[in-house]
Structure formats: C-alpha cells, structure tokens
Amino acid sequence: FNTPVRAAFQKQDPAYGFWLTIPSAGVAKTVLRPSRGQFSWVLIDAEHGLINDTHYYELVNAVASEGASPIIRVPWGEEWMLKRALDAGAHGIVTPMCHSEEDAKKIVKYSKYPPIGTRGYGPMFAHSVPGVFGAEYDDNANDSLLVIVQIESRQGVECVEKIAAVDGIDVLFIGPFDLAKQMDVQRGGEEHEAAIQRTLKAAHASGKKAAIFCTNGEDANSRRAQGFDMISIITDVGVLAEGMLRELGAAKGQ
Ligand code: 3PY
C-alpha cells in the first residue's frame, strides 16, 4: 500500500506536516479537513506532547481518515514503545536521539517483522485504519511503514553518513532545538546550520529522505528551498498561542 506521505515522496513534492501535541482527534480533523490533501502527514507527539499510547488509535484514525499519514513519535526507541505505536496503525514512527549506526539498526530491527526484524505480531487495530491497511497490512508493513530517526546530537551528526546508510532507515529527521542544546551551540548559528546541512546531504547521498521541524511557514519555506523532503510547519499549540495573541492585538487596535 501507498501511504499519503510515501505518495508525496514519489511525486517529489515536499511532504508538509504539522505537530500534534494535544490528544484530540477534533484538533487534527479541524486542521486537516479544510486543507485536505495539502498536508501529507501529521506527527503525533508522544515524546513531549500530552499524548500517550491510549490516545494513539483514535488519533491515527482521525488523521488517516482525512487523507494524511499519521506518524507517531514515541517517547524513546524502546521495542515495546515502537510496537504499540505501529500496532495502533501508524504509517511510520519517529524515534528521538539517534546517536549512532547501532542505534539506527536497533530501531529498524524493532520496527520490522521477521525475518528482517523482531517486531511482535498483533496489529489488531492497524488492520482497520482507513484507506491503506486491511488485509494487505501483513504483507506490506515492512516495506511501507516509514522508519524515521531523529538526528539531534553532536554524536549523531558526527556519524550521520553511517546512520543514513543503514538499510531500512527511510528518513533522517532533524530536531533543531535539541540539536542546538545537545551541541551547546546557538540555534541558527554557523555550527548549528552546518550540522543541519551535513544531515541533509548525508540523507540524500544514501537515497534517503531528510525531514526537519520548523516553527512557522517562513522557516518551512526556506527549508523547502534547501531541498528538505518532509517539513513540519508548526505545532498545534504554536498556532493557538500565536493566533490568539495576534487577534488580541487586533482587538486592542495594535
Ligand atoms: C527538536 O527541535 O528538538 C525536535 O525534536 C522537534 O520537537
């Protein structure tokens, strides 16, 4: 099966997404319905958001039923966490803090059914996610679900070419905020930007996709121009806070 985010990759269109941190199918659908077709994925954030694994199934269904790919960021790259996210029907998973080739291989192993990996069998709910799953799930999961690791540390960047070359890794996802903190450099400064560009280049040199988290459309547009394939534009809470402040300002005549 072809998921919406993979279809965007195949057309070589930038795959736009946004970050869902509020455990609400209503929020996901409210954004996706009017923009239908324009977002090809939504990141369901169980690392830092308010979302936990009991929310996965409802959120995955809400996103998939609006024609976008639900991608779950698990709290950490543990086998049981990946299994629960995939079993809920995610079209892909993101793991934080990939520091090495070994980390990347472990994530691939946990995310794939045997003989490639060790994923346990039990996708009772993935089968009923709208659009792409059904009976085809078992045969296609290994090839179709995206395995995405985050590059967001100095160690990760130092071996990013090796991480990119790992079989089964589909996307290198830059977390610019953590990257700056973990490298102890200024976000947007020269070293930070060099690490981002090295990751972008490494992904493409291995025939993989490069993704990045942005905080607004302008930032996302400049990453699109640099050749990023998968771009998160903004978070749900970012839109709410900024939109409310803007309208409050307007109400006060500012
Ligand atoms: C980062 O910028 O560190 C991220 O992981 C996106 O939330």
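What comes next concerns the included structure.

Reading the values: the criteria
Residues numbered from 1 in each chain as written. Predicted model: local features only at pLDDT ≥ 70, side-chain atom pairs only at ≥ 80, totals over all residues. Heavy atoms only, no water. 1 Å grid on protein atoms, 1.4 Å probe; cavity = no way out; pocket = protein on both sides within 12 Å on 5 of 7 lines; lining within 4 Å. Points joined across faces, edges and corners; volume = space filled by probe spheres on them. Helix = DSSP H or I, 4+ residues; strand = E, 2+ residues; numbered from the N terminus. Nonpolar A, V, L, I, M, F, W, Y, C, P; charged D, E, K, R; others polar. Salt bridge = Lys/Arg side-chain N within 4 Å of Asp/Glu carboxyl O. Buried < 20%, exposed > 50% of the residue type's maximum accessible area, 1.4 Å probe, protein only.

## Here's the deal with the layout of surface pockets
Part 1 of the argument: Each pocket or cavity is described by its volume, and for the largest pocket that value is around 230 Å³.
Part 2 of the argument: Around the largest pocket, the lining comprises 13 residues; the ones closest to its centre are His48, Arg73, Phe177, Asp178 and Phe213.
Part 3 of the argument: Sorting elements by how many residues they give to the lining of the largest pocket places helix 9 (residues 176-183) first, with four residues.
Part 4 of the argument: When grouped by side-chain class, the residues that make up the lining of the largest pocket number five nonpolar, three polar and five charged.
Part 5 of the argument: Residue lining of the second largest pocket: Phe18, Ile22, Val27, Thr30, Val31, Phe39, Ile233, Ile234, Thr235, Asp236, Val239 and Leu240, and that is the complete set.
Part 6 of the argument: Those elements giving two or more residues to the lining of the second largest pocket turn out to be helix 2 (25-32), strand 8 (230-235) and helix 12 (236-251).
Part 7 of the argument: By residue class, the composition of the lining of the second largest pocket is nine nonpolar, two polar and one charged.

## Focus on the pattern of salt bridges
Part 1 of the argument: Applying the stated criterion to the full structure yields 14 salt bridges.
Part 2 of the argument: A salt bridge links Arg36 to Glu66, with the shortest nitrogen-to-oxygen separation between them at 3.0 Å. Residue Arg36 is found in the loop between helix 2 and strand 2 (41-45), and its partner Glu66 is found in the loop between helix 3 (56-65) and strand 3 (69-73); the two are separated by 30 residues along the sequence.
Part 3 of the argument: Close ionic contact of Glu47 with Arg73 constitutes a salt bridge, the shortest N to O distance being 3.0 Å. Of this pair, Glu47 sits in the loop between strand 2 and helix 3 while Arg73 sits in strand 3; the two residues are 26 residues apart in sequence, bridging distant segments of the chain. Considered together, Glu47 and Arg73 belong to a single accessibility category, that of buried residues.

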